[in-house]
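Take a look at the letters that make up each chain.
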Amino acid sequence: MLANLASIESLFYLAGLVAVIASLKVVTGHNTVHALLYLVVSLLAVAVCFYLMGAPFAAGLEVIVYAGAILVLFVFAVLMFGLGKDETRNAPQNKSLANMLGAMLLAFALLVEMVLIINNSEIQQSLHATVIGSKAVGIMLYGPYLLAVEIASFLLLAGLLTGYHYAKPDVTGGSL
Amino acid sequence: MNVLLASLPFYPLVSFIILIAFGKKLSWQLAATISVSSMAITALVSAMLLFELSSSPNQAMTVNLWHWFDLTSQIGNAEVNVRFYLDGLSAVMISVVTGVGFLIHLFAAIYMKADANFSRFMAYMNLFIVAMLILVLADNLVLLYLGWEGVGLCSFLLIGFWYQEKANVLAARKAFIVTRVGDTSMAIGLLLLFNTFGELNIEAVTTLAQQTNTLTSVTSDKVSDDIYWIALLLLGGAVGKSAQLPLQTWLPDAMAGPTPVSALIHAATMVTAGVYLIARLHDIFILAPQVMNYVAWLGALTLLLAGIAALAQTDIKRVLAYSTMSQIGYMMLALGAGAWSAGVFHLMTHAFFKALLFLTAGAVIFALHHQQDLFKMGGLLKKLPFESSLFIIGLICLMALPGTSGFFSKEAIIAELWSSNTAGPMLWWCAILGALLTSIYSCRLFFIGFLGNSRFIEKANPETSTLLRSALIVLALLSLSGGLIPPDLSSVFSTAMSEPLSASIEPPWLHTVAIITPFIGILFSWFYFKQYRISRSSGAEQNLQATEGRLVMFCRQGLGFDAFYNALLVKPYQWLAQKNKADIFDQIIMLNAWYVSLWHEALVLVQNGSLRWYIAAFGLAILLLLGVSFL
Amino acid sequence: MTTIPLFHVLILASLLFLIGFIGVVARKNTLFILMSLEVMLNAVGVAFIGAGSVWQQADGQVMFILILTLAAAEAAVGLALLIRMRKKYRSLDIDLLNKMQG
């Protein structure tokens, strides 16, 4: 059973399944915070997929930047500005952990998967053979894609300014 | 480069620009000085040009101003340049245009003094001179056509100068539309000409026509057929501009304009443009003897009909207008008979004496507080002796009494008619009859207006300024002595009708008849119009009434041409316009608009502003594209 | 060359993309639309990484990084707009924002 599971493909399918289920829960969710939680799980599952596809650097970025930064931004915005208020009516009234059980289960499945991958030397070997490391990506980024990187930086700057401009309180009370 | 020739049209042009730009800011003094002095300079320059031309060896001068554009046809390329060409014929024309033009400007400056829009008037007059000079100096037919349309425009503007009155505007519109008919015909003629010869340069066309003439036996039917149509279409243009049958109806109405305009445009210069055109292109007309015959017959018919119509008029200016038509008929008759020089000669003398007649009539009208009705005048010989004597001079020139300028030119025409190939005894008799009519209506005009009882109650108030009078006197002198200086056009018309004229033998009494005809007319009128001539002492019956018989009214209204055209063209057109009020063609176009708005309605549903709909449509479109690319 | 076939990777990517797209179209709450957009972006990332690993090229990952920056900027602007919308309409219903027709 375990040996059966322990092939790269089956692990990939499992992680993909987790991602799909979590995404479906995101899209169909009623409670904003729960939906965000499922989104985090979905992102983590996708990160596992990346890892299995031989892109550990991308997987790391997915976890750190996507799940860690962007999603946290979402959570901040939702909690601080009350963006979730619309949905609170539909949210389950009990505040027990059961609400988060589904997400936790999926995350647990992913954890098991990770453990399996790291523990299985055979998988590690085959993954090593095909990995595209951060070095290669870095060389590409600052080589042929330098212009794209510059543009991306401008995009980020523009996003920063726009975000600041729109989100700041109306001191003058005028319209936009 | 001959600066004098090149600059000739620019003096009035500068004056026009100044006057039209500064318009009402200029005082009368300034505006009059600018316009009249510009004309004086033009006249002076053209006099110098005449002198230069007479001493130049090849009897012609050209000056190229700038390249205009190129015309391309299957036959070849033709350059169209803004180039002036001066030979004997255009020299006659510029001397008339600038000389008479200058005198009329001088007259007009005083005559129109009180008018609020004086500078606009003088600007239009100057513009007219510019266009007319371009017309007569043009080296190619395109430039000629520019001038041709330019004078038409100025005629329109000046007839409708007092545009606050509806009648004037209607007259201007009529003149414009009727002449446009002729102009269209002329434009088609020019295109056909270009298609046939591949040239629009007058000299080149003349040369080509002369070559065709010498090769007559060889030329195909196609070319001679083309030339027939070209000549006919050009004749159409000439007929429109020169107020000949059947496009003559605009000229009497054109008298709605100020009198100097009638004198300058509708008597002396513009209406003779048709004559100039035919004389200028005489080499083409020679190739189409049939058309020359038409020209002669048209001229003769106009001559007679206008003479008859003039007999019944009550308005002094309308009498003169019909007289102008009939005199131009003479010129046409001469051209049709191949008597080119005589026709142009008559053009010149006619310009002198008809300008004199119009200006004197203007002075009379001015003195009588804008009274134009002959039957309200009477006895002016005593009241306005100066104007009356000048008028007599004009009339005797018009009647062609021996010794006057009209005599020389008219006799020259009549003399050539009998034995001409394209005319003949029949037309000769028409001309004699015309001369008889001329003398009768002239006498009638004079008797009614200047003899008999004074029917004008208010005090006559003649303008006595020296300048105005001197202009009139100069014109009178020109009218009397103009016949002594026949223009030498032998170099221009050297090729014309070189074959011996042997169509018929001239009988010996020919000249005698021609000379005594006007006297017969005078004698006849002396007795026939006795009632007008005799002044009656009793005050009760001094109100002379114009006869109102049906025949008289028919003649007075221009022999029914107006009514005929009204019924034939104007009424149906108006009916059509009335019926088509909703504009059927517009509806067809509106169908397009309806179709577009249908789509608009449909698409507006799509543009509901809901972002989710847009995204869904987006996704569907992608699916569709993917499906298409897979298939 | 990994053992995962490209076809399966693409199936996963399109599944995720479709889920995200349905979310964007079907949800009225703008916040959920934003989250669905994140899911869609992720799906694209999966496709890129998969393709990159199949051909053993780093370009796929480079593209993913660019998508990442795009997602970051988009989230920042989107959330700021949501805050604005919340203040103005007291609601996050996207159908309230249909004033700009045609």
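For every chain, the first residue of its written sequence is number 1, and the numbers climb from 1 along that sequence. Chains and ligands are labelled by the order in which they are written, letters from A for the one and numbers from 1 for the other. Thresholds applied to this predicted model are a pLDDT of at least 70 for local features of residues and 80 or more for the giving and counting of side-chain atom pairs; totals over whole chains, interfaces and linings are not thresholded and use all residues.

**Student:** Explain the overall build of chain B to me, please; I cannot follow it from the model alone.
**Tutor:** What counts as a helix is a DSSP run of H or I of at least four residues, what counts as a strand is a run of E of at least two, and both are numbered from the N terminus. A count of helical and extended segments in chain B gives 27 helices and two strands. Burial is judged by counting the other C-beta atoms within 10 Å of a residue's own C-beta: 20 or more makes it buried, 12 or fewer makes it exposed, and any count in between marks it as partly exposed, with every C-beta position built from the backbone. Expressed as a percentage of the 631 residues in chain B, the buried residues total 50%. A pair of residues counts as a contact when their C-beta atoms, built from backbone coordinates, are within 7 Å of each other. A separation threshold of at least 6 residues defines the contact pool for chain B, and within that pool the share at least 24 residues apart is 83%.

**Student:** In this structure, what is going on with the overall build of chain C? I would like to understand it.
**Tutor:** Helices and strands together make up the secondary structure of chain C, namely three helices and zero strands. Order of helices (α) and strands (β) in chain C, N terminus to C terminus: α-α-α. Of all 102 residues assigned to chain C, the portion counted as buried reaches 54%. Long-range pairs, those at least 24 residues apart, make up 50% of the contacts in chain C with a sequence separation of at least 6.

**Student:** Got a minute to help me understand the confidence of the model for chain C in this structure?
**Tutor:** Parts of the prediction with low pLDDT should not have their coordinates interpreted in detail. By definition, pLDDT measures how confident the predictor is in each residue, and it falls between 0 and 100. For chain C, the mean per-residue pLDDT works out to 87, and 95% of the residues sit at or above 70. The ipTM value of the predicted complex is 0.90, and its pTM value is 0.67.

**Student:** For this particular structure, what's the right way to read the nonpolar core?
**Tutor:** Note on soluble globular proteins: their nonpolar side chains tend to be buried together. With 209 residues, the main nonpolar core has F128, L333, A355, L356 and A431 of chain B as its most contacted residues. The element contributing the most residues to this core is helix α16 (residues 340-367) of chain B, with 20 residues. Here a nonpolar core is just a set of buried residues of the types Ala, Val, Leu, Ile, Met, Phe, Trp, Tyr and Cys, joined wherever their C-beta atoms sit within 7 Å. By size, the runner-up hydrophobic cluster in this structure holds 85 residues, among which are L43 of chain A together with A58, M63 and A80 of chain C.

**Student:** What exactly am I supposed to notice about helix α18 (residues 385-399) of chain B here?
**Tutor:** Every α-helical turn comprises 3.6 residues, leaving residues that sit three or four positions apart pointing alike. Residues and elements named next belong to chain B. For a helix, the expected span equals 1.5 Å multiplied by the number of residues minus one. Between its terminal C-alpha atoms α18 stretches 21 Å, which fits the 21 Å expected from 15 residues at 1.5 Å a residue. Burial of α18 is extensive: eleven of the 15 residues sit out of reach of the surface. What α18 keeps buried is the set E387, S388, L390, F391, I393, G394, L395, I396, C397, L398 and M399. Positioned one or two residues after α18, A400 has a phi angle of 65°, which is positive.

**Student:** Would you mind going over the pairing of strand β2 (residues 77-87) of chain B with me for this structure?
**Tutor:** Side chains on a regular strand alternate between the two faces of the sheet. Alignment of strand β1 (residues 60-72) of chain B against β2 of chain B, held across eleven bridges, turns out to be antiparallel. Note that in β2 of chain B the partner of T62 of chain B across the bridge is Y85 of chain B. Strands are labelled as partners when DSSP assigns at least two bridges between them.

**Student:** Just checking my understanding: could you explain helix α5 (residues 118-137) of chain B for this structure?
**Tutor:** With 20 residues, α5 of chain B should cover 28 Å at 1.5 Å per step; its first-to-last C-alpha distance of 29 Å lies within 8% of that length. Taking burial as the measure, the 20 residues of α5 of chain B include 19 buried ones, the bulk of the element.

**Student:** Could you clarify how one ought to interpret the interface of chain C and chain A in this entry?
**Tutor:** Quoted interface sizes are often the accessible area lost when the parts come together. Listed per partner, the contact involves 51 residues of chain C and 57 residues of chain A. The set of elements that each furnish at least two residues to the side of chain C that touches chain A consists of α1 (6-26), α2 (30-55) and α3 (59-89) of chain C. Examining the composition of the side of chain C that touches chain A, we find that 22 residues originate from one element, α3 of chain C, more than from any other. Here the nonpolar group is Ala, Val, Leu, Ile, Met, Phe, Trp, Tyr, Cys and Pro; Asp, Glu, Lys and Arg are the charged ones; every other residue, Gly included, is treated as polar. Of the residues that constitute the side of chain C that touches chain A, the class distribution is 33 nonpolar, 14 polar and four charged.

**Student:** Looking at this structure, I do not really get the environment of I65 of chain C. What am I missing?
**Tutor:** By the element assignment, I65 of chain C lies in helix α3. Spatially, the C-alpha atom of I65 of chain C lies 8.6 Å from that of G45 of chain C, the residues being 20 residues apart in sequence. If we ignore the near neighbours within four places in the chain, the residues touching I65 of chain C are L61 and L141 of chain A.

**Student:** Looking at this structure, I do not really get the confidence of the model for chain B. What am I missing?
**Tutor:** Across chain B, the average pLDDT comes to 83, with 94% of residues at or above 70. Segment residues 498-503 of chain B: pLDDT under 50, and seven contacts once partners within four positions in sequence are set aside and those in other chains are kept.

**Student:** Before we go on, may I ask you to explain the environment of D183 of chain B in this structure?
**Tutor:** All names here are of chain B. Inspection of the secondary structure puts D183 in helix α7 (residues 166-197). The exposure class assigned to D183 is partly exposed, which follows from the 19 C-beta atoms found within 10 Å. Counting along the chain gives 31 residues from D183 to G152, while the straight-line C-alpha distance between them is 9.3 Å. Leaving out residues up to four positions away in the same chain, D183 has contacts with W148, E149, G152, G237 and G240.

**Student:** In this structure, what is going on with the environment of M61 of chain B? I would like to understand it.
**Tutor:** Residue and element names in this part refer to chain B. The residue M61 is located in strand β1 in this model. Overall, M61 belongs to the partly exposed group, with 18 C-beta atoms counted inside 10 Å. It is 9.8 Å that separates the C-alpha atoms of M61 and G88, two residues lying 27 residues apart in sequence. Other than its neighbours up to four places away in sequence, M61 contacts N2, L5, L53, S56 and L86.

**Student:** Where do I start with unusual backbone geometry in this structure?
**Tutor:** Glycine aside, the phi torsion of most residues is negative, and most peptide linkages are trans. Going from L245 of chain B to P246 of chain B, the amide bond is cis rather than trans, its omega being 0°. Backbone geometry at A400 of chain B places phi at a positive 65°, although glycine is not the residue there. Note on placement: A400 of chain B falls in the loop between α18 and α19 (405-417). In this structure, Q56 of chain C takes a positive phi of about 55° despite not being glycine. Note that Q56 of chain C resides in the loop between α2 and α3.

**Student:** What exactly am I supposed to notice about the packing of α2 of chain C against α3 of chain C here?
**Tutor:** Geometrically, a packed helix pair is captured by the angle between its two axes and the distance between the axes. All names here are of chain C. Packing of α2 against α3 leaves a shortest axis separation of 9 Å and a crossing angle of 175°. Taken together, α2 and α3 sit at an angle that is classed as roughly antiparallel. Residues that form the contact of α2 with α3 fall into these classes: 14 nonpolar, seven polar and three charged. Orientation is described by lines fitted to C-alpha atoms, with helices fitted over the stretch in contact, and by angles between N-to-C directions that extend from 0 to 180 degrees. Orientation is classified from the angle alone, with under 35 degrees giving roughly parallel, over 145 giving roughly antiparallel, 65 to 115 giving roughly perpendicular, and any other angle giving oblique.

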